[in-house]
Each structure stands twice: as structure tokens, then as C-alpha cells.
Amino acid sequence: MFNFKEIVSVTLILFSVIDILGSLPVIVDFRRKLGKIESEKATLAAGFIMVLFLFLGERLLSLFGVDVASFAIAGAIILFLLGMEMILGRNIFKHDNLDVGVASIVPIAFPLIAGAATMTTLLSLRSAYQIENILVGILLNLFFVYLVLKSSTWLERKLGQGGTDILRKVFGIILLAIAIKLFKTNLSM
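Anyway, here's the lowdown on the structure attached to this text.

## Here's the deal with the pattern of salt bridges
Right, so step 1: Per the counting criterion, the structure on display carries 3 salt bridges.
Right, so step 2: Ionic pairing is found between Glu156 and Arg31, a salt bridge with its closest N-O pair at 1.9 Å. Here Arg31 lies in helix α2 (residues 24-34) and Glu156 lies in helix α8 (residues 152-187), a separation of 125 residues in the sequence. Just as Glu156 is buried, Arg31 falls in that class too.
Right, so step 3: The closest approach of N and O atoms between Lys150 and Glu40, which form a salt bridge, is 3.1 Å. In this pair, Lys150 is assigned in helix α7 (residues 131-150) and Glu40 in helix α3 (residues 39-63), connecting sequence segments 110 residues apart.

Laid out in C-alpha cells, this is it:
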């Protein structure tokens, strides 16, 4: 049955792992390159990925012969490259002629929102919390993700060009640090 304490715990854990506020510079950068981001599509895709992985994650990975640690390391490499893009101001990933709908899913929904850290966290949460409480935590986080994606233009205007550039560099370094932590943690498994 629903447990308020579990819902709050799961929500806060997922909020810190998803780190949508920390991803704002990446989101703004992609919106600049693409003209817009389809917030609804990105949120629904991230939600679908999270729920699917919650129920089928380990089986899905084992089907491909991949363990959770290897999956997390692959996600860490992608996050590392996104961080390098933010810091260096260079395009590592090809953005030319990229469809807005596709970019809303890759890399916004995956790996930024529902990436390796989120997925491995969901597997850990499943062993400690009731499924219905995890699902509510996912929904609450998706609501917040949607709000941030929808208001990214407004947030960028409030921050200004200088503020956005500073945030991009700072969060690029944080993204690199998260990627390295994910890499180190899962390399030793």
C-alpha cells in the first residue's frame, strides 16, 4: 500500500539522481541548436524508459548479455562527452539536421533524464521500496522534469546569456564529475 515516507524518500533519491536543474544548461543548449524541445515527448519517453526499466531492467540487460555495471559505464561515457561539449563549446555529437522529436528523446529523455544512474538507482530502489511508492516517486519527478523543460526558455531569459554560459561551464564540470563517479563506482564492481 502507499506509504508517504517511502514516496518522499524515493522522490528525493530520484530527484537527486535525475538532477534536472543541473541539466538545465544542457537542455538550453539543445533548445538553442534545435529551436525547441518537445517537453511532452521527452517527459513521456523518460517515464516510459524508467517504468520499463523498473520492471524489466535486469532481464532486458541480461538478454543482451550486459550487466548493470557495464550499462552504467556506457552511460557514464555519454555523460562525460556531453560534459565535454558544455565545457569546451565544441560539438562532439552530430546535431546537423537532427529532428526535434528525436533530440527530445536522445539525449534529453535518455541519457539525461532516464540515464544509467537513474536506471541503476531504480533497480536498487526496487529491492528496498514497494513498487507503487516507486511509481509515485517517478511520476512526481516527471512532473518536475516537465515543468523545467517547459520553462527552459523563460529560465534562460531570466539567467541571461552570461548566466547561461556560466551555468553551462559549471554544470559541465559537474556532469564530468558525475560521469567519473559512475565510471569509478561501476568499474570496481
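Here the narrative resumes, following the displayed structure.
## Focus: the packing of helix α6 (residues 116-128) against α7
Right, so step 1: Two numbers describe how α6 lies on α7: the axes approach to 9 Å, and their chain directions differ by 145°. Crossing handedness for the pair α6 and α7: right-handed. Counted together, Leu122, Leu125 and Arg126 of α6 and Ile131, Ile134 and Ile138 of α7 form the full contact between these two elements.
Right, so step 2: Of the residues belonging to the contact of α6 with α7, the class tally is 5 nonpolar, no polar and 1 charged.

## A word on the packing of α2 against α8
Right, so step 1: Running from N to C, α2 and α8 cross one another at 120°; their axes reach a closest spacing of 7 Å. Regarding the angle of α2 to α8, the classification is oblique. Viewed along their axes, α2 and α8 form a crossing whose handedness is left-handed. Where α2 abuts α8, its residues Leu24, Pro25, Val26, Ile27, Val28, Asp29, Arg31 and Arg32 lie against Ser152, Thr153, Leu155, Glu156, Leu159, Gln161, Thr164, Asp165, Leu167, Arg168, Phe171 and Leu175.
Right, so step 2: When the residues that make up the contact of α2 with α8 are grouped by side-chain class, the tally is 10 nonpolar, 4 polar and 6 charged.

Cut-offs applied
- Residues numbered from 1 in each chain as written.
- Predicted model: local features only at pLDDT ≥ 70, side-chain atom pairs only at ≥ 80, totals over all residues.
- Heavy atoms only, no water.
- Salt bridge = Lys/Arg side-chain N within 4 Å of Asp/Glu carboxyl O.
- Helix = DSSP H or I, 4+ residues; strand = E, 2+ residues; numbered from the N terminus.
- Buried < 20%, exposed > 50% of the residue type's maximum accessible area, 1.4 Å probe, protein only.
- Axes fitted to C-alpha atoms, helices over the stretch in contact; angles between N-to-C directions.
- Left-handed = near helix turned anticlockwise from the far one by under 90°.
- Contact = heavy atoms within 4.5 Å.
- Nonpolar A, V, L, I, M, F, W, Y, C, P; charged D, E, K, R; others polar.
- Parallel < 35°, antiparallel > 145°, perpendicular 65-115°, else oblique.

Keep in mind these values describe shape, not function.
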